[in-house]
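# Remarks on the overall topology
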Amino acid sequence: MPVKPKVLVTRRIPEAGLALLRERVELEIGPSEGFMPREVLLAKLPLFDGVLCLLKDRMDREALDAAARLKVLSNYGVGYDNIDVPYATAKGIVVTNTPDVLTEATADMTFALLLAVARRLSEAERIAREGKWVWAPDFLLGADLHGATLGLVGFGRIGKAVARRAKGFGMRLRYTLARPSAEGDELGAVHVPVPEDLLTESDFVSLHVPLVAETRHFMNAERFRRMKPGAIFVNTGRGGLVDQEALARALNEGWIAGAGLDVFDPEPLPAEHPLFRAKNLLPAPHIGSATPDARNGMAVCAATNLLAVLEGRTPPNPVLA
């Protein structure tokens, strides 16, 4: 009887994905809550042919060198900045991710933050609960989305999904850090080659690029200063795309009007971080893909990628170095 490949899932994922693996591999599953400690992960890696990992699992050179028999590293998520992809590829390890299945959920979350910050919902909820308000013509005035300009930094799957939603709100669309797109033309989105120009003319700015060396701290003090004083900034991409100290200063000193964040660096961001004391910030705990359909889809996609490599097939979603 053929020996089944050994697979480690570093943290329990939805059963939809685990069910695909149970009968075809020898499976070990990590904790149901929290994440596998680094020292435990490093000790286990030499034993497995495949690993299904999560964002908190740092697959750097040390980890990849420990994984002597590893053939595939399947990431549960679309982002893969937790993995040293070039080094893994050089070692013959296939890296995969889970695009598409979380696109719509993350685009919904992006738009939820846009609306919530624009209409000051966090502040409004607190005032309503306290019962200390009197309606007045200038009470809790927010920003209009209709007719405003939305600047998208990046125009991949999620950026385009956000653009489709914004089109329904009658927003003007701009995008940068992407090639001119036929879908952009269909949506009436204008390609802006220079990111600083997009920041200058946008009422709302939303990040949708991967975190790589070239995009780390893409939004820094200089770029926040380029934005309009009344502009709103949203990030559902990766926390490392933003210089968080610069964002705190931008909010406190009025360079921009507000920000909505679903991602931080690190995660969770310590409660004492100055960003949490900044004005007009709406934070969320990385819930962009937190719907049953998205999380189940991610599990199935990650398991399918992993099995394809172990069974000698091309995975549906390889990550190229």
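In case you missed it, the structure is sitting above this.
First, a word on scope: everything that follows refers to the structure included in this document.

## Some details on helix α12 (residues 292-310)
The first and last C-alpha atoms of α12 sit 27 Å apart over 19 residues, in line with the 27 Å expected at 1.5 Å per residue. A positive backbone phi angle near 80° is found at Gly 312, which sits one or two residues after α12.

## Details of the pattern of salt bridges
On inspection of all chains with the given rule, the structure shows 24 salt bridges. For the salt bridge of Arg 22 with Glu 15, the shortest nitrogen-to-oxygen distance reads 2.9 Å. Among the ionic pairs, Glu 253 bridges to Arg 249, the shortest N-O distance being 3.0 Å. Given the relative accessible area of 45%, Glu 253 is considered partly exposed. We classify Arg 249 as partly exposed; its relative accessible area is 40%. Because the salt bridges share partners, they merge into one network encompassing Glu 104, Asp 108, Arg 164, Arg 165 and Glu 183.

## Some points on the side chain of Asn 75
In this fold, Asn 75 is placed in strand β4 (residues 72-75). Judged by its relative accessible area of 1%, Asn 75 falls in the buried class. At 2.7 Å, the side chain of Asn 75 and the backbone oxygen of Gly 79 are in polar contact. In terms of polar contacts, Asn 75 uses its side chain to reach the side chain of Asn 82, at 3.1 Å. Excluding anything up to four places from it in sequence, Asn 75 contacts Cys 53, Leu 54, Tyr 80, Asn 82, Ile 83, Thr 96, Asn 97, Thr 98 and Ala 302.

## Focus on the packing of helix α5 (residues 103-118) against helix α7 (residues 157-168)
For the pair α5 and α7, interaxial distance at closest approach is 9 Å and the crossing angle is 55°. In terms of their interaxial angle, α5 and α7 are classed as oblique. Pair α5 / α7 crosses with right-handed handedness. Touching Thr 103, Glu 104, Thr 106, Ala 107, Asp 108, Thr 110 and Phe 111 of α5 are Arg 157, Ile 158, Ala 161, Val 162, Arg 164, Arg 165 and Ala 166, all from α7. Here the contact of α5 with α7 is built from residues that sort into 6 nonpolar, 3 polar and 5 charged.

What counts as what
Residues numbered from 1 in each chain as written. Predicted model: local features only at pLDDT ≥ 70, side-chain atom pairs only at ≥ 80, totals over all residues. Heavy atoms only, no water. Helix = DSSP H or I, 4+ residues; strand = E, 2+ residues; numbered from the N terminus. Expected span 1.5 Å × (residues − 1). Salt bridge = Lys/Arg side-chain N within 4 Å of Asp/Glu carboxyl O. Buried < 20%, exposed > 50% of the residue type's maximum accessible area, 1.4 Å probe, protein only. Polar contact = N/O pair within 3.5 Å; in protein donor to acceptor, adjacent residues only side chain to side chain. Contact = heavy atoms within 4.5 Å. Axes fitted to C-alpha atoms, helices over the stretch in contact; angles between N-to-C directions. Parallel < 35°, antiparallel > 145°, perpendicular 65-115°, else oblique. Left-handed = near helix turned anticlockwise from the far one by under 90°. Nonpolar A, V, L, I, M, F, W, Y, C, P; charged D, E, K, R; others polar.

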